[in-house]
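What follows is each chain in one-letter form.
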Amino acid sequence: MESPPANSPNGPAGERAGTDFDLSTGIIDFKVRERRSELLKYGCEVAAVGRRYRETHHTLFGFTVRRALLVLHPDRIPDYAAFESELDTIGEETRRIEYAMVHCGLEDLPRRAKTAIAFRDGLLQYARAVADTAQNLHHLCRCLRQESLANPEFADYSEERFRNDRAVYDASVQEFMRWGARLTELSEKL
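These numbers were taken from a predicted model, which means no experiment stands behind them.

So, on to the overall build of the protein chain. Along its length, the protein chain carries 5 helices and 0 strands. Mapped in sequence order, the helices and strands of the protein chain form the string α-α-α-α-α. A buried classification covers 36% of the 190 residues belonging to the protein chain. Accessible surface for the protein chain amounts to roughly 11600 Å². Of this, 54% is attributable to carbon and sulfur atoms.

So, about the packing of aromatic side chains. With the rule as written, the count across this model stands at 2 aromatic pairs. Seen in terms of ring centroids, Tyr53 and Phe176 are 5.1 Å apart; in terms of plane orientation they differ by 75 degrees. Their pairing is edge-to-face. Pair noted here: Tyr53 is in helix 1 (residues 30-61) and Phe176 is in helix 5 (residues 160-189), with a separation of 123 residues, a long-range link. Like Tyr53, the residue Phe176 is buried in the burial classification. Each residue in the set Tyr53, Tyr126 and Phe176 is aromatic and connected to the rest through ring pairs, giving one cluster. The ring of Tyr42 carries the charged tip of Lys41 above its face, separated from the ring centre by 4.3 Å.

If you look at the biggest cluster of nonpolar residues, it comprises 41 residues, and the most contacted ones within it are Tyr53, Leu123 and Leu137. Taken together, the elements giving at least two residues each to this core come down to helix 1, helix 3 (80-102), helix 4 (114-148) and helix 5. Here this core gets 15 residues from one element, more than from any other, and that element is helix 4. Aside from chain neighbours lying at most four places away, what touches Leu137 is Tyr53, Thr56, His57, Leu60, Phe61, Leu87 and Tyr169.

Our focus in this paragraph is helix 3. For helix 3, built from 23 residues, the straight-helix expectation of 33 Å at 1.5 Å per residue is met to within 8% by its first-to-last C-alpha distance of 33 Å. Along helix 3, the residues that are buried comprise Tyr80, Phe83, Glu84, Leu87, Ile90, Gly91, Thr94, Ile97, Glu98 and Met101.

Calculation rules
- Residues numbered from 1 in each chain as written.
- Predicted model: local features only at pLDDT ≥ 70, side-chain atom pairs only at ≥ 80, totals over all residues.
- Heavy atoms only, no water.
- Helix = DSSP H or I, 4+ residues; strand = E, 2+ residues; numbered from the N terminus.
- Buried < 20%, exposed > 50% of the residue type's maximum accessible area, 1.4 Å probe, protein only.
- Areas by Shrake-Rupley, 256 points an atom, 1.4 Å probe, with all protein chains shown as cover.
- Phe/Tyr/Trp six-rings, centres within 6.5 Å; stacked < 30°, edge-to-face > 60°.
- Lys NZ or Arg CZ within 6 Å of the ring centre and 35° of its normal.
- Core = buried A, V, L, I, M, F, W, Y, C linked by side-chain atoms within 4.5 Å.
- Contact = heavy atoms within 4.5 Å.
- Expected span 1.5 Å × (residues − 1).

Any functional reading would require information beyond the geometric quantities listed.
So this is what it looks like as structure tokens:
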């Protein structure tokens, strides 16, 4: 029996050689490298959007000097409209990245590329989690803005309705953090 040529992706018994992306040791498969680069590029883009969301979250809810000043000077109202605008941008950017990932050819990764598939699927879940948390935070900002403008419909928003909306938001933050941790773990294996 003749062994396969050196550049063949098949091993001695005709089975596929290599693990995950690599088809054969010593051979560079540029298509595979390109896909890995694409995954990492999307990972970086989604991480950047997630970072913008976290900054907005910390500005609103973090223990910052600005937050302390608001306690000392309650007559100063945060610029909720600016936060809403930023959160809208974050949501749009996340949807753009998600759309690009779904339509870029990464859906047909080889089945043996289990880590790459898990990373790709995790990126999509993380992008959805970023969009959900941004949308929930946007809702909180809009309601707080309406309350600060003395809209009668939102006169008592800070009482029970805020706590309920905050509970929904906190659950989405937990999902965001869970997918972020999972992607960090997978990126080390990619």
